[in-house]
Amino acid sequence: MSKIQRDKFNAEYNMPSTKILGTISAPIGNKINKMIVSGDTSDAKLIVDSINSILKTTITDISADTFPEPFQSDSKMNLNYDEPTGLFFLVTQGNVEIRVDGQSFKLQTNKIFFINERLPYVVLSPDSSRVNMFSAKFMWDKNIHA
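Described in the following lines is the structure provided in the data block. Note that the coordinates shown come from a computational prediction; the quantities given were computed from them, not determined experimentally. (Residues numbered from 1 in each chain as written. Predicted model: local features only at pLDDT ≥ 70, side-chain atom pairs only at ≥ 80, totals over all residues. Heavy atoms only, no water.)

## A short note on the packing of helix 2 (residues 26-38) against helix 3 (residues 44-55)
What counts, and what does not: For helices, the fitted axis covers only the stretch in contact; all axes are lines through C-alpha atoms, and the angles between them, taken along N-to-C directions, range from 0 to 180 degrees. The secondary structure listing takes helices from DSSP runs of H or I that are at least 4 residues long and strands from runs of E that are at least 2 residues long, numbered from the N terminus. An angle below 35 degrees is read as roughly parallel, one above 145 as roughly antiparallel, one from 65 to 115 as roughly perpendicular, and any other as oblique. By the definition used in this description, the sense in which the near helix is turned from the far one sets the handedness, with an anticlockwise turn below a right angle giving left-handed and a clockwise turn giving right-handed. Between two residues, a contact is recorded if the distance between any of their heavy atoms is within 4.5 Å. Classification convention: Asp, Glu, Lys, Arg as charged; Ala, Val, Leu, Ile, Met, Phe, Trp, Tyr, Cys, Pro as nonpolar; all other residues, Gly among them, as polar.
Running from amino to carboxyl end, helix 2 crosses helix 3 at an angle of 135°, the nearest separation of the two axes being 10 Å. Viewed along their axes, helix 2 and helix 3 adopt a mutual orientation that is oblique. The chirality of how helix 2 crosses helix 3 is left-handed. Contacts between helix 2 and helix 3 involve Ile 28, Lys 31, Ile 32 and Met 35 from the former and Ala 44, Leu 46, Ile 47 and Ser 50 from the latter. Each residue belonging to the contact of helix 2 with helix 3 can be placed in one class, and the counts come to six nonpolar, one polar and one charged.

See below:
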């Protein structure tokens, strides 16, 4: 039943498995790195406003983390079909790969990479490079984001 429900949801909202939604500027990427490494949140509003202007919506459930060693997340999947939320990852330093529904994608620095969280996904860093990564949710709008 869930695959039928998911396919109907994805068709209704014209939601792909993955999509690059935009690119932040290098100075904003540097501010994210500074915020993650130092803990200084004085530029947080500027960072969020910049991403909001690219996505043309408000972001929520924001996370900004650094990973000094290789990692792999547990497999995750959102089973909520009531609201068309979107999830994105934004790498500002390091090598990150996302596996979504059996496909693998290397995330490019400063690209806002949407994943359809209603598909199973895993986030991983395959090597020992330091990773700085920002993620958040937003309301998907098929007229803007599709």
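## Some details on the pattern of salt bridges
What counts here: Between Lys or Arg on one side and Asp or Glu on the other, a salt bridge is scored when a side-chain nitrogen of the former is within 4 Å of a carboxyl oxygen of the latter. The classification of residues rests on relative accessible area computed with a 1.4 Å probe and restricted to protein chains. Under 20% of the type maximum is buried, over 50% is exposed, and intermediate values are partly exposed.
In this structure the tally under the stated criterion is seven salt bridges. Among the ionic pairs, Glu 97 bridges to Arg 99, the shortest N-O distance being 3.0 Å. The exposure class of Arg 99 is partly exposed, given its relative accessible area of 37%. Shared partners join several salt bridges into a network, and the residues in it are Lys 31, Lys 34, Asp 40 and Asp 43.

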